[in-house]
Amino acid sequence: MSSILVSPLTQRIVLFTGGAVGMAASLFILVTYGKYRASGRTRNRMVFFLSLCDFFFASKFFLTACLIGHLDQFSPYHVTSSYSDPCFWIGAYANFFAAATVSWNMMISVRLLRTFPARSDVKQKGWPYHVFVWTYATINTAVLIGLKGFGKGHSGCWIADKNYILIFSIAPTMLFLILSFAIMIVMHIRIKRATRDRLTSDALVQKELYFRVQLMKFTLVFVVIWITPIVTEMLHYFGLEYNPLSFMRLVSLSIQ
């Protein structure tokens, strides 16, 4: 069943509004982190990098909205064949930071699991996390650039071919989100056990557990927000999309 695309005016309103909300939320986290860093109370730096990637990813929707008037309407899975197309490079820009954002969320989960029951802000080697995130985002985007996989698609300037969306976006994102969710379940069980065994009576330990729970909530909210675009992308891939789903995808992606 083919989908009816959201009108250009609706796309522009949603992308501008959603992009603004996403950028504002990310900027709030970045400013808050900066204030804590200045006061010597910095906690998990990965949240900073995730929010930074989120900010740049959200800015993509502003750029896309600016192009809608010139492109009339984004067509479903129309792959650009020219590197000179601005939409192509906006798509590459968006893909890099989207891949990095999802990767950082998983890295936060992995770090929580590895450091439990120690403090989550203890000095650890952070370079393995950076190597994984930036290498994955770079390779993923570079391969798509080589394949000319970016262009004018149903989600604006991004990956335009539905097979490339499945391979380079849906599949890895689903894997990262599932792993993050699974780690949160394991963390929940571990915290419950620690509480049951009365290992959390110390005030400092209680404070640390509280911080970990907040990080777990942060990652879970991230997972929930990304579920909608993943589900709608899958439905679109199999031709089971309606106009409301197109709208939901635009909203969830732009405000994520």
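Some points on the packing of aromatic side chains
Here a ring pair, both rings aromatic, is described through the centre-centre distance and the interplanar angle of the planes.
Then, in step 1: All chains considered together, the criterion is met by 20 aromatic pairs.
Then, in step 2: On the basis of an interplanar angle of 80° and a centroid distance of 5.8 Å, the ring pair of F55 and F56 is categorised as edge-to-face.
Then, in step 3: Judged by its relative accessible area of 22%, F55 is partly exposed.
Then, in step 4: Owing to a relative accessible area of 29%, F56 belongs among the partly exposed residues under this scheme.
Then, in step 5: One aromatic cluster is present, formed by Y33, F48, F49, F55, F56, Y93, F96, F97, W104 and W134 through successive ring pairs.
Then, in step 6: For K148, the ring lying beneath its charged end belongs to Y83, and the centroid distance is 4.9 Å.

Quick look at the state of the cysteines
Then, in step 1: In this structure the tally under the stated criterion is 1 disulfide.
Then, in step 2: Covalent S-S linkage joins C87 and C157, the inter-sulfur distance amounting to 2.0 Å. Across the disulfide from C87 to C157, rotation about the S-S bond amounts to roughly -115°, and the bridge is consequently left-handed. Of this pair, C87 sits in helix α3 (residues 86-115) while C157 sits in strand β3 (residues 156-159), placing them 70 residues apart in sequence. Assigned by exposure class, C87 and C157 land together as buried.

Considering the side chain of S180
Then, in step 1: With respect to the helices and strands, S180 occurs in helix α5 (residues 162-196).
Then, in step 2: Classification of S180 as buried rests on a relative accessible area of 1%.
Then, in step 3: Here S180 is in contact with N105, M106, S109 and V223, once residues within four sequence places are set aside.

Rules used in this analysis
- Each chain carries its own residue numbering, running from 1 in the written order of its sequence.
- Per-residue local features of the predicted model are confined to residues with pLDDT of at least 70, and side-chain atom pairs are confined, for both listing and counting, to 80 or more; whole-chain, interface and lining totals are unaffected and use all residues.
- With hydrogens and water set aside, each side-chain value is computed from the structure's full complement of heavy atoms.
- Stacked, tilted and edge-to-face are the three classes applied to pairs of Phe, Tyr and Trp rings, where Trp contributes its six-membered ring and a pair requires centres within 6.5 Å; stacked means planes under 30 degrees apart, edge-to-face means over 60, and tilted covers the rest.
- Each residue is placed in one exposure class: buried if its accessible area under a 1.4 Å probe, protein chains only, is under 20% of its type's maximum, exposed if it is over 50%, and partly exposed if it falls in between.
- Charge over a ring is defined by NZ of Lys or CZ of Arg lying within 6 Å of the ring centre and within 35 degrees of the ring normal.
- The disulfide criterion used throughout: a pair of cysteine sulfur atoms within 2.5 Å.
- Secondary structure elements follow DSSP: runs of H or I of four or more residues count as helices, runs of E of two or more count as strands, with numbering from the N terminus.
- Two residues form a contact once any of their heavy atoms are found within 4.5 Å.

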